[in-house]
Amino acid sequence: MSARQIVQRAGVAAVGVLTAVTVGLVVSASPAAAAPRTPQFGSFIDPHASLDAQDTCDPVAKPGVIGFKDLLNASYGSHTSSIIRSCSAAGVSEHKEGRALDYSLDVNNSAEHAIADNIIGWLLATDNHGNQHAMARRLGIMYMIWNRQIWSAHLASEGWRVYDGPNPHTDHIHFSFSWAGALERSTWWTAGAVGEYDADGYTDLALYRRDCSNGSSWWARSSRTTDALYGGTKFGGCTDIPAPGDYDRDGYTDLALYRRDCTNGSSWWVRSTRTGATINGGTSFGGCTDIVAPGDYDGDGYTDLALYRRDCTNGSSWWVRSSRTGETINGGTKFGGCGDIPAPGDYDGDGYTDLALYRQDCTNGSTWWVRSTRTGATINGGTAFGGCTDIPSAGDYDGDAYTDLALYRRDCTNGSSWWVQSSRTGATVFGGTSFGGCTDIPSAGDYDADGYTDLALYRRDCTNGSSWRVRSSRTGSTIYGGTKFGGCTDIPATST
């Protein structure tokens, strides 16, 4: 499909052969197919995607398009599809940038026609917050073509229009994505990210306060509205370790804890932020010295129960259990050294949290070790990057949907700094950027909802009051410049 076939507004001439005639909605609900599993999102939502036609050539399938294809296949059964197109092919097409999907369905096959109707109906439905075309907006769909008709996000008020292009699209649906959707920066992918307790796309100021006398509690404040989300909610024990994540895939970060217990067995305790229901009420899983490393290791959108077990005698290992099914994902997979620090994240942009470690080494140089959870392939096999006391702070600092090699270097003499290297390109993102104090705790997250992990710190201060300091990775502007929130022994619960 050529983007030149779309009628453009604001004085831009139409090119191609699209006739923009408004027609009625072409889809209807069908009992023959079930809509994809959908998280419970908050009211915050992406705007309708603007028209941004292909103007470069990078025929590599983008993660948001792959993820959408996989979502459709999981919901409707596997169907033939294509994403990329050669740079030498004629015409303008988002396929050449890896941000378009042709999904094969035959309009003359009643079962497949019903599936197409169901997909489109799901994408364009109004959600429970009154947001029109909700899932299309959250996925960053720019336009779609099916059965001689086209729907364009930038012309959403016109509904479906007649499409007179050379390919009638009766044997497949075409979807083109915005860059935000293609790179998993739209709210379908970012809502419910770690530290997002109100599902609005912004990482919130969140803390776990251990208290052996009065009961441990959670404190959270919205980054978008500054409203109190939790103001001392009692949940957890006085030695529990916070392990934030979205364990029920509803778009909200849940209150989650790992309780080490060498006598009775260690356990997980998780409460839904949205409903208050118990997700894990003492689920036995893990050892009494294991390090929590929650993430989505099977790519199903649920944060999994995950641990790294250091073992200098028999070899260190990973233990991961699916939150959705309870099945074992990793049952003692040997990978890592006995002093390594887990740094979970999606380092290859495939939607799966990878087995990732930072190895501090003052003699030979510190290194990164990362193995793909999906394929088992080595992503980083001892990549030298970082100092021997640096603290890993995994995140996507350049907004390309790959977790980057990221470190916070505490330095009381010369000033603390950030060091970040792109996982995708190897380029330097931050090469010693001065920001933070020598005892600050890095608290990775996207505090301005722009798709970039920000330079973020929690500063404990028992004298003047603890505070948050956050700087935008994209613009360099101050998001928080010492906002007072929290106690002097609190543990930030934005990331693990």
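Here, residues in each chain are numbered from 1, in the same order as that chain's written sequence. Local features in this predicted model are restricted to residues whose pLDDT is 70 or higher, and side-chain atom pairs enter the listing and the counts only when it is 80 or higher, whereas totals over whole chains, interfaces and linings include all residues. In computing side-chain values, all of the structure's heavy atoms are included and hydrogens and water are not.

Some remarks on the packing of aromatic side chains
Two numbers describe a pair of aromatic rings. These are the distance of the centres and the angle of the planes.
Okay, step 1: Aromatic rings from Phe, Tyr and Trp, with only the six-membered ring used for Trp, were paired whenever their centres fell within 6.5 Å, and each pair was classed as stacked if the ring planes differed by under 30 degrees, edge-to-face if by over 60, and tilted otherwise. Applying the stated criterion across every chain yields a total of 14 aromatic pairs.
Okay, step 2: Judged by centre distance (5.5 Å) and plane angle (70°), the rings of F68 and F177 are edge-to-face. Placement of the pair is F68 in helix α1 (residues 63-76) and F177 in strand β7 (residues 172-177), with a sequence separation of 109 residues.
Okay, step 3: Relative accessibility under 20% of the residue-type maximum defines a buried residue, over 50% an exposed one, and the middle range a partly exposed one, all with a 1.4 Å probe and only protein chains included. With relative accessibility at 0%, the residue F177 sits in the buried group.
Okay, step 4: An angle of 50° between the planes, with centres 5.1 Å apart, marks the rings of Y308 and W318 as tilted. Pair noted here: Y308 is in strand β16 (residues 305-309) and W318 is in strand β17 (residues 317-321), with a separation of 10 residues, a long-range link.
Okay, step 5: When its relative accessible area of 0% is taken as the criterion, Y308 is described as buried. Numbering of helices and strands starts at the N terminus; helices are DSSP runs of H or I of at least 4 residues and strands are runs of E of at least 2.

Some thoughts on the nonpolar core
Okay, step 1: Residues F68, L101, I119, L123 and F175 are the most contacted members of the largest nonpolar core, which totals 37 residues.
Okay, step 2: Mapped onto this core, the elements with two or more residues apiece are α1, β3 (100-104), α2 (110-124), α3 (134-139), β4 (141-146) and β7.
Okay, step 3: By residue number, the principal contributor to this core is α2, which donates 7 residues.
Okay, step 4: Here a residue-residue contact requires only that any non-hydrogen atoms of the pair lie within 4.5 Å. Not counting residues within four places of it along the chain, the set of residues in contact with L101 comprises V65, F68, K69, L72, S81, S82, I83, H95, I173, H174, F175 and F177.
Okay, step 5: Among buried residues, those of type Ala, Val, Leu, Ile, Met, Phe, Trp, Tyr and Cys that are joined through side-chain atoms within 4.5 Å constitute a nonpolar core. Membership of the second largest hydrophobic core comes to 11 residues, among which are A243, Y247, Y258 and V292.

Observations concerning the environment of G399
Okay, step 1: Considering the arrangement of structural elements, one finds G399 in the loop between β23 (391-392) and β24 (405-409).
Okay, step 2: Taking the C-alpha atoms as reference, G399 lies 7.9 Å from L183; in sequence the two are 216 residues apart.
Okay, step 3: Those residues within four positions of G399 in sequence are excluded, and the remaining contacts are L183, R185, G451 and Y452.

Details of unusual backbone geometry
The bulk of non-glycine residues show a negative phi, and the bulk of peptide bonds are trans.
Okay, step 1: Positive phi values are uncommon outside glycine, yet R148 reaches one of about 70°.
Okay, step 2: As for its position among the elements, R148 is in the loop between β4 and β5 (149-152).
Okay, step 3: Note on R148: relative accessible area 48%, which makes it partly exposed.
Okay, step 4: Here the phi dihedral of H169 falls at roughly 55°; this positive angle occurs in a residue that is not glycine.

Focus: the side chain of H79
Okay, step 1: Secondary-structure assignment places H79 in the loop between α1 and β2 (81-82).
Okay, step 2: Any N or O atom pair separated by 3.5 Å or less is treated as a polar contact, with the protein-specific requirement of one donor-capable and one acceptor-capable atom, and with residues adjacent in sequence counted only for side-chain atom pairs. A distance of 3.4 Å separates the side chain of H79 from the backbone oxygen of Y76, its partner in a polar contact.
Okay, step 3: Beyond its immediate chain neighbours, meaning those up to four positions away, H79 contacts N73, Y103, S104, L105, E112 and I115.

Things to note about the packing of α1 against α2
Angle between the axes and distance between the axes are the two parameters that describe a pair of packed helices.
Okay, step 1: For every element, the axis is a line fit to its C-alpha atoms; helices are fit only across the contacting stretch, and the angle between N-to-C directions ranges from 0 to 180 degrees. The interhelical angle for the contact between α1 and α2, taken along N-to-C directions, is 125°, at an axis separation of 12 Å. Looking at the two axes, α1 sits oblique to α2. As α1 packs across α2, the resulting crossing turns out to be right-handed. The residues of α2 that touch α1, namely those facing F68, L71, L72 and Y76, are I115, N118, I119, W122 and L123. By definition in this entry, angles of less than 35 degrees are roughly parallel, angles greater than 145 are roughly antiparallel, angles of 65 to 115 are roughly perpendicular, and the rest are oblique. Handedness of a crossing is defined here by the sense of rotation of the near helix relative to the far one, left-handed for an anticlockwise turn of less than a right angle and right-handed for a clockwise turn.

Looking at the state of the cysteines
Okay, step 1: A pair of sulfur atoms, both from cysteines and within 2.5 Å, is called a disulfide here. Per the stated rule, a full pass over the model turns up 7 disulfides.
Okay, step 2: Two residues, C312 and C338, share a disulfide whose sulfurs are 2.2 Å apart. Residues C312 and C338 share a disulfide whose torsion about the S-S bond is about 95°; that sign makes it right-handed. In this pair, C312 sits in the loop between β16 and β17 while C338 sits in the loop between β18 (328-334) and β19 (341-342), placing the two residues 26 residues apart along the sequence.
Okay, step 3: Here C312 falls in the exposed class, since its relative accessible area comes to 62%.
Okay, step 4: Disulfide partner of C362: C388, at an S-S distance of 2.2 Å. Torsion about the S-S bond of the C362 and C388 cystine: about 90°, corresponding to right-handed handedness. Residue C362 is found in the loop between β20 (355-359) and β21 (367-371), and its partner C388 is found in the loop between β22 (378-384) and β23; the two are separated by 26 residues along the sequence.

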